[in-house]
Structures are given as C-alpha cells and as structure tokens.
Amino acid sequence: MISTLEEKPHIPAAPRKRKIPGWAVGMIGVAGAIALLSITSMQTGFPQLTSSGTTQTAVRLALPILLAGLGGLWAERAGVVNIGLEGMMIMGTWGAAWAGYQWGPWAALFAAVVFGALGGLLHAIATVTFGVNHIVSGVAINLLGAGITKYLSTLLFFPLSHNPRQSPPVAPFDTYSAGGLADWLGELEAGQRLFISDVAGILRGLVTGVSPLTMLTILLVPLSYYLLWRTRFGLRLRSVGENPYAADSLGVKVYFHKYVAVIVSGGLAGLGGAALVLNPGQLSYLEGQTGGRGFIGLAAMIFGNWRPGGLLGGAALFGYADGLQLRSGGDTVLALVYGVVILLAVIVVWQLIRQRWFSAAAAIVVAVLLYLLYISLDEIPGEFVSYAPHMVTLAVLAVASQRLRMPAADGLVYRRG
C-alpha cells in the first residue's frame, strides 16, 4: 500500500549555545571590577580605592554580611523567609562576648553559633510547627534578640565593665600573613603602576593579617554549595523550598529539613555576630553594633540570586563600601561616585547595542546626575558617608531586581496533608 501522506523533511535542530560556567562569569566580573577601580583611582588620584589597607578592612567588614547571607540562603532554600537574621546576629554578638571574655576566641565562636541557633530554633518552631507568618516571626525575633541581650548585658556585663551596654574586652585571634609574598606585593603596590599596583594592593590585603575566622568563613561558601547542590540531603532540602507537597509525596521529611535549614541559618547568623565582636577594631560586645548587617546580608543573598557565589560577590561589594568609608572618608567615597559614572557609561553602550532604548536613557540620566554631583562637591558630607553601605544596598537591589528567581515555595506556610 502506497501512503498518500508526504513525508516532512528532516530539519536539524539548532545547536545549543554553550553556557558560560558560573565560575568563569565570576572571574570576568572580578577582573572588570578591578579594572574599573584601577581606572577610577588613576583618574581621581585616590590610590586608597585599591590599597591593601582598604582591602583588609573590607574583608573584615564583609565577614558578618557574608555569614548572615549564608544563613538566609540556607533558610530560604528550604522555603522559610528569615527576616530574623538581625536578631540572631545580635544574640551571637552577646554569646561571643560572654564566652570569649572567659575562655578565649574559639569559645566565642562556639557560643555565638549556639545562641544564633537557638534563635533559629525559635523561628522554626513558630513558622514550621505553628504556621506563624514568616515576616511576623522574624520581626518578633529581632525585637526579642535586642531585648534579651540588653537585659543579659545589664545583668552580667555591668558588674565587670561598669557599662550596661558594653562587655569587657575579648581576647583576639592570632593573625597570619604570607611574609615574603606580602613584601613583594607591597613593593609592586608602592610603584603606583596602572592595574599592576592595584592588583598587588588588593592581593596584599587578602594575604595580610588573616585570622582563622576569615579562613573558616571563606571555606563555608564552597561547603554550603557542595552540601546544598551536590548531595542527596541538599537536593531534598531545596525540593522542600520549591514544592513541599511534591517532596512529601516522594517521602522527603519536609519538617525535618526545614528545621535543620533554619537552625543552621541561625547558627551562621550568630557566627556573623562573633565576627563583629572579634573584629580587631572592636574586641567587645557593644549594644547596637550589628547596625543592620543582618538585613544587608539578606540583601546580599538576594543580589546573589539565592546562590553562594553571587552571595560572596554581594557581601564583598557591601563590605568594600563599608570599609572605604571607614578608612578613607568622604573624599574617597566621592571618587567612587566617579567610578559609578564610568560603569554607567559602559552599561549605556551595552544597552544601545542590545537596542534597549529605555534602559539606556535611564542609565544616561543617572550618570549625568552623578557626574554633576561629583564635580559640584569636594567630598561627601560626613552625615551621608556612614550610610554608604545602605545606599549601595538599595542601588544594587534596584538593579538586580530584574533577574531574580527565588525558591517557588519561599515564605509559604506548609501543612502536611
């Protein structure tokens, strides 16, 4: 029998574009950021933008933000919004000071994790077991953390330091430096050569005065990635954050994974509090010393699109803005505004190539306004300099909001059956 149907010609499938690996994108971004800072430093005459001292300060200030962001990452990948990171971090600062004063820095880390994890456990009980709204529970923990630590510091620290808002001094960690390498990088940095001296200054800041807490924090980033994306446990935990009902139908213990994630989240936030207490410029508990870093850590997690690598970049950005304003002042922060103008010019060219006229026009308007600000001021007023990290947070979230993809069940109340 002869078929009357005509055979359709075979059309070969279009070859799929190879996706650039995430690590390669990260390296390109780092190189671009260093090049931008190098050009800005040369044009404005402010080598502090890439100096080893600025880098070293930025690393120390980025640690609590990175740890808080990792805490938020663990909780939200399991579908629990953790607005209470700030309160858990406050509890970690008190625990670190209380234990560190008596038994040393390692005891401070352990106590900070325990106190933060207790805050996480309370958040898990409220949201997972009793179904309390995640935002309401998080705000309550922030208030509770501030209130409990205020009471405990008045009760226990006042007889020792005669100040109910501050603890006695805490013993610091020993720091380590790559002696020969740091000296060689210092010579390159002092040469003030374009890009070479900037890279040398940044690298010298990364290998000078490194504490065990810094090494531990950096290791927690790939460890979190491995546990959440390369293990069976991590796959189940992330499935709980995407569709808990489907995960439950496949035998995944939804409540168990949510509890583990939120408790780990609290422990990481508490460790971030210890990073504030053990900062060489502080070495004590001080009421209000978190300064909203729990919320900034949450913003860094959102900027990183709920992934550890992007979170690391966000924490570095916010820590750099904080370190620059603390170490160099308003004139150097104003120089950074010039760098933002250069970045916006690059964005304008890119948007024009992609024929996105509205985005290009918006970038041009912002660039012109910032440039007028740069040429009209000698330095940023001191009242605004201290809020540089918060302004960077708002700007970054505004830019990054177009490409975000949160876990599908993030913030939803789950009831089995």
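Under an unreviewed UniProt entry, the name given to the chain is ABC transporter permease, and the source organism is Lentzea miocenica. The Subcellular location (unreviewed entry) field of the UniProt record for the chain holds the comment "Cell membrane".

*Asks:* Hey, could you run me through the overall build of the chain in this one?
*Replies:* Within the chain one finds 17 helices and zero strands. Looking at the chain residue by residue over its 417 residues, the buried ones come to 47%. Total accessible area on the chain is roughly 21800 Å²; 68% of this is exposed by carbon and sulfur atoms.

*Asks:* What is the right way to look at the pattern of salt bridges in this model?
*Replies:* A pair can form between side chains of opposite charge whenever their charged atoms are brought close. The tally for this structure, following the rule as stated, stands at seven salt bridges. Glutamate 242 serves as the salt-bridge partner of arginine 405, at 2.8 Å between the closest nitrogen and oxygen. Separated by 163 residues along the polypeptide, arginine 405 in the segment after helix H17 (388-400) and glutamate 242 in helix H9 (residues 232-242) bring together distant segments of the chain. Between arginine 293 and aspartate 322 there is a salt bridge, and its shortest N-O distance comes to 3.0 Å. Highlighted residues: arginine 293 in helix H12 (residues 293-303) and aspartate 322 in helix H13 (residues 308-327), separated in sequence by 29 residues. Note on accessibility: arginine 293 and aspartate 322 belong to one class, buried. Among the ionic contacts, a cluster of salt bridges with common partners joins Arg77, Glu242 and Arg405.

*Asks:* I tried to follow unusual backbone geometry on my own but got confused; where do I start?
*Replies:* Peptide bonds are trans in most cases, and residues, glycine excluded, mostly fall at negative phi. Positive phi outside glycine occurs at leucine 283, with the angle close to 55°. Among the structural elements, leucine 283 can be located in the loop between helix H11 (254-277) and H12. Judged by relative accessible area, leucine 283 falls into the buried class, the value being 18%. Here asparagine 305, not a glycine, exhibits a phi torsion of approximately 60°, which is positive. Structurally, asparagine 305 is set in the loop between H12 and H13.

*Asks:* Would you explain the nonpolar core in this entry?
*Replies:* Nonpolar side chains in soluble globular proteins tend to end up buried together. Counting residues in each nonpolar core, the largest one holds 48 residues, and the members touching the most others are Leu70, Leu109, Leu213 and Leu278. For this core, the secondary-structure elements that each account for two or more residues are helix H2 (52-77), helix H3 (85-103), helix H4 (105-129), helix H5 (134-161), helix H8 (212-229), H11, H12 and H13. With sequence-adjacent residues up to four places away left out, leucine 70 is seen in contact with Leu220, Val221, Ser224, Leu268 and Leu311.

*Asks:* Help me out: how do you make sense of the packing of aromatic side chains in this one?
*Replies:* Both the distance between ring centres and the angle between the ring planes are used here to describe each pair of aromatic rings. In this structure the tally under the stated criterion is twelve aromatic pairs. Ring centres of tryptophan 106 and phenylalanine 173 lie 4.9 Å apart, and the angle between their planes is 80°; on these two criteria the pair is classed as edge-to-face. With a gap of 67 residues between them, tryptophan 106 in helix H4 and phenylalanine 173 in the loop between H5 and helix H6 (179-190) connect regions that are remote in the sequence. The exposed category is assigned to tryptophan 106, whose relative accessible area is 56%. A residue is classified by how much of its surface remains accessible, and phenylalanine 173, at 12% relative accessible area, is buried.

*Asks:* I would appreciate a short explanation of the environment of alanine 360 in the present structure.
*Replies:* Relative to the elements of secondary structure, alanine 360 occurs in helix H15 (residues 357-376). Once the C-alpha coordinates of alanine 360 and isoleucine 347 are considered, the two residues, 13 residues apart in sequence, prove to be 7.4 Å apart. Excluding residues within four positions of it along the chain, alanine 360 makes contact with Val348, Gln351 and Leu352.

*Asks:* Please explain the environment of valine 341 as it appears in this structure.
*Replies:* Mapped onto the elements of the fold, valine 341 is located in helix H14 (residues 330-353). Measuring from C-alpha to C-alpha, the distance between valine 341 and alanine 367 comes to 5.1 Å, with 26 residues separating the pair along the chain. If sequence neighbours within four positions are ignored, valine 341 has contacts with Ala367, Leu370 and Tyr371.

*Asks:* How do you make sense of a nonpolar patch on the surface when you look at a structure like this?
*Replies:* Together, Phe110, Val114, Leu118, Leu121, Ile125, Phe130, Val132 and Val136 make up an exposed nonpolar region whose accessible area comes to about 710 Å². With five residues, the top contributor of residues to the nonpolar patch is H4. Note that valine 114 resides in helix H4. Classification of valine 114 as partly exposed rests on a relative accessible area of 34%.

*Asks:* In this structure, what is going on with the side chain of serine 265? I would like to understand it.
*Replies:* On the secondary structure map, serine 265 appears in helix H11. Within the structure, the side chain of serine 265 is placed 2.5 Å from the backbone oxygen of glycine 71, a separation counted as a polar contact. In contact with serine 265, other than residues within four places in its own chain, are Gly71, Gly72, Ala75, Asn82 and Leu85.

*Asks:* Would you take a moment to explain the packing of H8 against H11 for this structure?
*Replies:* Each pair of packed helices can be described by the angle between their axes along with the distance between the axes. For the pair H8 and H11, interaxial distance at closest approach is 11 Å and the crossing angle is 150°. If you check the angle between H8 and H11, you find them roughly antiparallel. Considering how the two elements wind past one another, H8 and H11 form a crossing that is left-handed. Within the contact between the two elements, H8 uses Leu213, Leu216 and Leu220 and H11 uses Leu268, Leu271, Ala274 and Ala275. Classifying every residue of the contact of H8 with H11 by side-chain character gives seven nonpolar, no polar and no charged.

*Asks:* I would appreciate a short explanation of the side chain of serine 197 in the present structure.
*Replies:* With respect to the helices, strands and loops of the structure, serine 197 is situated in helix H7 (residues 196-206). Overall, the relative accessible area of 5% leaves serine 197 in the buried class. Here the side chain of serine 197 touches arginine 193 through a polar contact of 2.6 Å, landing on its backbone nitrogen. Apart from the residues within four sequence positions on either side, serine 197 is in contact with Leu188, Glu189, Gly191 and Gln192.

Conventions and cut-offs
Residues numbered from 1 in each chain as written. Predicted model: local features only at pLDDT ≥ 70, side-chain atom pairs only at ≥ 80, totals over all residues. Heavy atoms only, no water. UniProt positions renumbered as here; feature names shortened; annotations may be inferred. Helix = DSSP H or I, 4+ residues; strand = E, 2+ residues; numbered from the N terminus. Buried < 20%, exposed > 50% of the residue type's maximum accessible area, 1.4 Å probe, protein only. Areas by Shrake-Rupley, 256 points an atom, 1.4 Å probe, with all protein chains shown as cover. Salt bridge = Lys/Arg side-chain N within 4 Å of Asp/Glu carboxyl O. Core = buried A, V, L, I, M, F, W, Y, C linked by side-chain atoms within 4.5 Å. Contact = heavy atoms within 4.5 Å. Phe/Tyr/Trp six-rings, centres within 6.5 Å; stacked < 30°, edge-to-face > 60°. Patch = residues over 30% accessible without salt bridge, like charges linked within 9 Å, V, L, I, M, F, W, Y side chains within 5 Å. Polar contact = N/O pair within 3.5 Å; in protein donor to acceptor, adjacent residues only side chain to side chain. Axes fitted to C-alpha atoms, helices over the stretch in contact; angles between N-to-C directions. Parallel < 35°, antiparallel > 145°, perpendicular 65-115°, else oblique. Left-handed = near helix turned anticlockwise from the far one by under 90°. Nonpolar A, V, L, I, M, F, W, Y, C, P; charged D, E, K, R; others polar.

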